[in-house]
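# Summary of structural features
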Amino acid sequence: MTIKPLIILPDPVLRQVSTKVEQVNDDIRTLADDLLATMYDAPGIGLAAVQVGVPKRMLVIDLSKEGEDKRPQVFINPEILSFSDERSAYEEGCLSIPDYYAEVERPSKITLKHINLDGREETIEAAGLLSTCLQHEIDHLNGVLFIDHISRLKREMVIKKFTKAAKIRA
Ligand code: NI
């Protein structure tokens, strides 16, 4: 397990569209371990592979609370089959946009197809925080960030702030 450096806004890598995982092999299993280690270290509840600079359609989630046993979940080539009409709002954050949070409204429930680490296809229903988290992470695989779902004014302010910070780091 290796903790990988996180890609931070406004790095253009975050806008890349990730490509399908062709085969669940040892490289992919190692990547899953690294993604989980990186997410736990941050700490965060979800992480897409592109956020460590690997544009493959893969993400990890763990919604266990502090003090509970860990519940790592790995989703490969996730595909949303249907969305509910009902919507819910959550305050979202992102490890690639540290210390910025904003409320985002998304469909409350989704049906999702994905491949698990054994290479088997699964279809699940997700609601609540899991549904929001999956939609947020799947957006990453398409080069979309949660700030794309907020007002343009707010988004431009965040991008400006992070662009300035990146210049200072450089
Ligand atoms: Ni994110």
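Let me sum up the structure you'll find in this document.

Basis of the calculations
- Residues numbered from 1 in each chain as written.
- Predicted model: local features only at pLDDT ≥ 70, side-chain atom pairs only at ≥ 80, totals over all residues.
- Heavy atoms only, no water.
- Helix = DSSP H or I, 4+ residues; strand = E, 2+ residues; numbered from the N terminus.
- Rg over C-alpha atoms; globule rule 2.2 N^0.38 Å.
- Buried < 20%, exposed > 50% of the residue type's maximum accessible area, 1.4 Å probe, protein only.
- Phe/Tyr/Trp six-rings, centres within 6.5 Å; stacked < 30°, edge-to-face > 60°.
- Lys NZ or Arg CZ within 6 Å of the ring centre and 35° of its normal.
- Salt bridge = Lys/Arg side-chain N within 4 Å of Asp/Glu carboxyl O.
- Core = buried A, V, L, I, M, F, W, Y, C linked by side-chain atoms within 4.5 Å.
- Contact = heavy atoms within 4.5 Å.
- Polar contact = N/O pair within 3.5 Å; in protein donor to acceptor, adjacent residues only side chain to side chain.

## Some points on the overall build of the protein chain
Check the secondary structure of the protein chain and you find three helices and seven strands. If you list the helices and strands of the protein chain from N to C, you get α-β-β-β-β-β-β-β-α-α. Over its C-alpha atoms the protein chain spans a radius of gyration of 16 Å, differing by no more than 12% from the 15 Å that the globule rule assigns to 170 residues. The dimensions of the protein chain, computed from C-alpha atoms along their principal axes, are 45 × 40 × 35 Å. Looking at the protein chain as a whole, 43% of its 170 residues qualify as buried.

## Things to note about the packing of aromatic side chains
We describe a pair of aromatic rings using the distance from one ring centre to the other and the angle between the two ring planes. Overall, the coordinates contain one aromatic pair when judged by the stated rule. Directly above the aromatic system of Tyr40 lies the positively charged group of Lys70, at a separation of 4.8 Å from the ring centroid.

## What to know about the pattern of salt bridges
Evaluated as defined, the whole model comprises nine salt bridges. A salt bridge links Asp139 to Arg106, with the shortest nitrogen-to-oxygen separation between them at 3.1 Å. Of this pair, Asp139 sits in helix α2 (residues 128-141) while Arg106 is found in strand β5 (residues 97-107), placing the two residues 33 residues apart along the sequence. Considered together, Asp139 and Arg106 belong to a single accessibility category, that of buried residues. Notably, a salt bridge pairs Glu156 with Arg152, separated by 3.0 Å at the nearest N-O pair. You can see Glu156 and its partner Arg152 sitting in helix α3 (residues 152-169), four residues apart, about one turn around the helix. Under the relative-accessibility criterion, Arg152 is labelled exposed at 58%.

## A look at the nonpolar core
Counting 17 residues, the largest nonpolar core has Ile28, Leu35, Leu47, Met58, Val60, Val74 and Ile76 as the members making the most contacts within it. The set of elements that each furnish at least two residues to this core consists of α1 (26-41), β2 (58-61) and β3 (73-83). Every residue in contact with Val60, bar those within four places of it in the chain, is listed here: Ala32, Leu35, Leu36, Met39, Ile45, Gly46, Leu47, Gln73 and Val74.

## Brief notes about unusual backbone geometry
Here Leu9 and Pro10 are connected by a cis peptide whose omega angle stands at 5 degrees. The omega torsion of the bond from Ala42 to Pro43 falls at -10 degrees, within 30 degrees of zero and hence cis. Mapped onto the elements of the fold, Pro43 is located in the loop between α1 and β1 (46-48). Of note in the backbone geometry, Asn77 takes a positive phi value of approximately 45 degrees without being a glycine. For Asn77, the location among the structural elements is in strand β3. Exposure remark for Asn77: the relative accessible area of 13% places this residue in the buried category. Residues other than glycine seldom take positive phi values, yet Asp99 does so here, at roughly 65 degrees.

## Some remarks on the side chain of Thr38
Along the chain, Thr38 turns up in helix α1. Since its relative accessible area comes to 2%, Thr38 is described here as buried. Here the side chain of Thr38 touches Lys4 through a polar contact of 2.9 Å, landing on its backbone nitrogen. If sequence neighbours within four positions are ignored, Thr38 has contacts with Thr2, Ile3, Lys4, Leu6, Leu47 and Val52.

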